[in-house]
Amino acid sequence: MTWMVTGGAGYIGSHIVDAFVSRGESVLVYDSMSSGYETRIRYLEKKHRATIPIVRADIRDCEKFENSCNQFNISGVVHAAALKSVRESFEIPEEYMDVNVRGTKNILDISISLGIRKFIFSSTAAVYGNPKHSLPVSESEVCSPVSPYGETKYLAEKLVESCYKDFGLHGVNLRYFNVIGACAPELADVMGENLLPLLLSKIKNGLPLEVFGSDYPTQDGTCVRDYVDVRDVARAHLLAATTLNVLPARMNIGTGVGESVLDVINNLSAVMGMNLEIVMKGRRQGDPAFLCADPTMAAKELGFLTQYSLRESIESVRSLLR
Ligand SMILES: NC(=O)c1ccc[n+]([C@@H]2O[C@H](COP(=O)([O-])OP(=O)(O)OC[C@H]3O[C@@H](n4cnc5c(N)ncnc54)[C@H](O)[C@@H]3O)[C@@H](O)[C@H]2O)c1
């Protein structure tokens, strides 16, 4: 079986490729390289002494996608390609709709027409928006995205789900929470929008660490999130890809443990063996106080339990500061 990983040269996609190739699966990377790096795949080829072909193309290019599926005899798709910046999605919402929704529809239609049976979609906790309670969210929570990014991922989920229901496609929408860590510096998140890369770039530039909001109703007043290691996220895909069970349409991928911004900074401080300067700022619009996964369903359906602690995830990217 050959898997196509769209967005396979991205941060999470390249970790999925790593997990699949480690298990002897054959993988094709399909990526426009808009925010991906071919060097990640070259690193993985060296690591596994394997050839990992790359098609440099857009998911909106139907002809290219179809030809690639035929040429490489693809029988399963992991769809991780997307635009993923919450901030940017407010600036260019049409482009987010085009890539994240129309692009997903294109590759779903082609996958079905070619008889591809498995399709796993990278979704996000952003589909939940700002839950009005401080309890872990389960998959039955009402979705109410608060950004164009979250909205496009939610619409894409719906398209995927209708194909599970109406066309016999198998798979699952995996809703990742805050993804963190790296299996090697070569594959690390370098976008600088998520908390850890942001903190690392401040430290690298000798700047104080900004904390947005210290008066939330949480244990220390700062926002609480569920930080899940990218190596665990990648393993969840492998479990979803190889199970023979019919899966529920959507599943949270998180640890079930909430950590505050100050928890993350304290762990970073401990890992680096130094005190880090912090500057408290006001709340940012749209940030929920608490967003944490109820991971019960993934444990039950996939036997998925996370293996990496927050400290281990931070240690995995420590070398980026050198
Ligand atoms: N990073 C997170 O914390 C997080 C959390 C939840 C969900 N996700 C989802 O996980 C997926 C991967 O995110 P990431 O953090 O690895 O981002 P990333 O930007 O590193 O990876 C996305 C990849 O998709 C490619 N891509 C973008 N537009 C494309 C297009 N039109 N055609 C083909 N390829 C295209 C990019 O070049 C890149 O390699 C996304 O779907 C994102 O929505 C990420």
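The structure presented is a predicted model; accordingly, all values stated were derived computationally and were not measured.

Colleague: So what exactly am I meant to see when it comes to the nonpolar core here?
Modeller: Counting 37 residues, the largest nonpolar core has Phe20 and Ile253 as its most contacted members. Looking at this core, the elements that each hand over two or more residues are β1 (2-6), α1 (11-22), β2 (26-31), α2 (38-48), β6 (170-176), α8 (230-242), β11 (250-253) and α10 (296-302). Aside from chain neighbours lying at most four places away, what touches Phe20 is Trp3, Glu25, Val27, Val78, His237, Leu238 and Ala241.

Colleague: How should the sheet that holds β1 be read in this particular structure?
Modeller: One key point about sheets: their strands pair by backbone hydrogen bonds, in either a parallel or an antiparallel sense. Reading across the sheet, the seven strands line up as β3-β2-β1-β4-β5-β6-β11 and stay open at both edges, with parallel pairing between neighbours. Edge strands, defined here as strands with exactly one partner in the open sheet, are β3 (54-56) and β11. Ignoring which end each strand starts from, the neighbouring axes of this sheet average 20° apart. Note that strand β5 (residues 118-124) and β6 share seven bridges and pair parallel. Across the sheet, Phe119 pairs through a bridge with Gly171, a residue of β6.

Colleague: Is there a simple way to think about the sheet that holds strand β12 (residues 259-260) in this case?
Modeller: Taken together, three strands build an open sheet; the order of strands is β12-β9-β14 and the sheet is mixed. Of all strands in the sheet, those with a lone pairing partner are β12 and β14 (290-291), marking the two edges. The pairing of strand β9 (residues 224-225) with β14 spans two bridges and is parallel. Among the inter-strand pairings, Val224 is bridged to a residue of β14, identified as Phe290.

Colleague: Can you walk me through the packing of helix α5 (residues 93-113) against helix α6 (residues 148-167) in this structure?
Modeller: Helix-helix packing is characterised by the crossing angle of the two axes and by the distance between the axes. Orientation of α5 relative to α6, taken along the N-to-C sense of each, is 15°, at an axis distance of 9 Å. The angle between α5 and α6 places the two elements in the roughly parallel class. For the pair α5 and α6, the crossing hand works out as right-handed. Along the contact surface, α5 presents Pro93, Tyr96, Met97, Asn100, Val101, Thr104, Lys105, Leu108 and Ile112, while α6 presents Pro148, Tyr149, Thr152, Lys153, Leu155, Ala156, Leu159, Val160, Cys163 and Phe167. Split into classes, the residues belonging to the contact of α5 with α6 amount to 14 nonpolar, three polar and two charged.

Colleague: What is the right way to read the environment of Ser122 from this model?
Modeller: Among the secondary structure elements, Ser122 is positioned in strand β5. Look at Ser122 and you get buried, because its relative accessible area is 5%. Sequence separation between Ser122 and Arg175 is 53 residues; the distance between their C-alpha atoms is 6.7 Å. In contact with Ser122, other than residues within four places in its own chain, are His79, Ala80, Lys153, Leu174, Tyr176 and His237.

Colleague: Is there a simple way to explain the pairing of strand β4 (residues 74-79) in this structure?
Modeller: In the case of a regular strand, side chains alternate between the two sheet surfaces. Of all six residues in β4, five are buried, a share of seventy percent or more. Taken together, the five bridges between β1 and β4 define a ladder with parallel strand orientation. From the neighbouring strand, Thr6 faces β4, where its bridge partner is His79. Two elements, β4 and β5, share four bridges in a ladder whose sense is parallel.

Colleague: Help me understand the packing of aromatic side chains, please; the structure alone is not making it clear to me.
Modeller: Each aromatic ring pair is summarised here by two numbers: the centre-to-centre distance and the angle between the ring planes. Scanning the entire structure with this criterion turns up three aromatic pairs. Each ring, one from Trp3 and one from Phe20, has its centre 5.4 Å from the other, and the planes form 85°; the classification is edge-to-face. Within this pair, whereas Trp3 is found in strand β1, its partner Phe20 is found in helix α1, the two being separated by 17 residues in sequence. No difference in accessibility class separates Trp3 from Phe20, as the two residues are buried. Aromatic side chains Tyr30 and Phe65 sit 5.3 Å apart centroid to centroid with 75° between the ring planes, which places their arrangement in the edge-to-face category. You can see Tyr30 sitting in strand β2 and its partner Phe65 sitting in helix α3 (residues 62-72), a full 35 residues away along the chain.

Colleague: Hey, could you run me through the side chain of Asn173 in this one?
Modeller: Turning to its location among the elements, Asn173 is positioned in strand β6. Judged by its relative accessible area of 0%, Asn173 falls in the buried class. When neighbours within four sequence positions are excluded, Asn173 is seen to be in contact with Phe121, Ser123, Glu157, Val160, Glu161, Tyr164, Ala249, Arg250 and Met251.

Colleague: Looking at this structure, I do not really get the site of the ligand. What am I missing?
Modeller: Close to the ligand lie 28 residues, the nearest being Ile12, Asp31, Ser35, Tyr149 and Lys153. Between the ligand and Asp31 there is a distance of 2.6 Å, counted from an oxygen atom to a side-chain nitrogen or oxygen. Note that an oxygen atom of the ligand is positioned 3.0 Å from one of the backbone N or O atoms of Ser34. Mapped by element, the contributors of at least two residues to the shell around the ligand are α1, β5 and α6. Among the elements that line the shell around the ligand, the one with the most residues is β5, at three residues. Partitioned by chemical class, the residues of the shell around the ligand number 14 nonpolar, ten polar and four charged.

Definitions and cut-offs
- Residues numbered from 1 in each chain as written.
- Predicted model: local features only at pLDDT ≥ 70, side-chain atom pairs only at ≥ 80, totals over all residues.
- Heavy atoms only, no water.
- Core = buried A, V, L, I, M, F, W, Y, C linked by side-chain atoms within 4.5 Å.
- Buried < 20%, exposed > 50% of the residue type's maximum accessible area, 1.4 Å probe, protein only.
- Helix = DSSP H or I, 4+ residues; strand = E, 2+ residues; numbered from the N terminus.
- Contact = heavy atoms within 4.5 Å.
- Pairing = 2+ DSSP bridges.
- Axes fitted to C-alpha atoms, helices over the stretch in contact; angles between N-to-C directions.
- Parallel < 35°, antiparallel > 145°, perpendicular 65-115°, else oblique.
- Left-handed = near helix turned anticlockwise from the far one by under 90°.
- Nonpolar A, V, L, I, M, F, W, Y, C, P; charged D, E, K, R; others polar.
- Phe/Tyr/Trp six-rings, centres within 6.5 Å; stacked < 30°, edge-to-face > 60°.
- Near = heavy atom within 4 Å.
- Polar contact = N/O pair within 3.5 Å; in protein donor to acceptor, adjacent residues only side chain to side chain.

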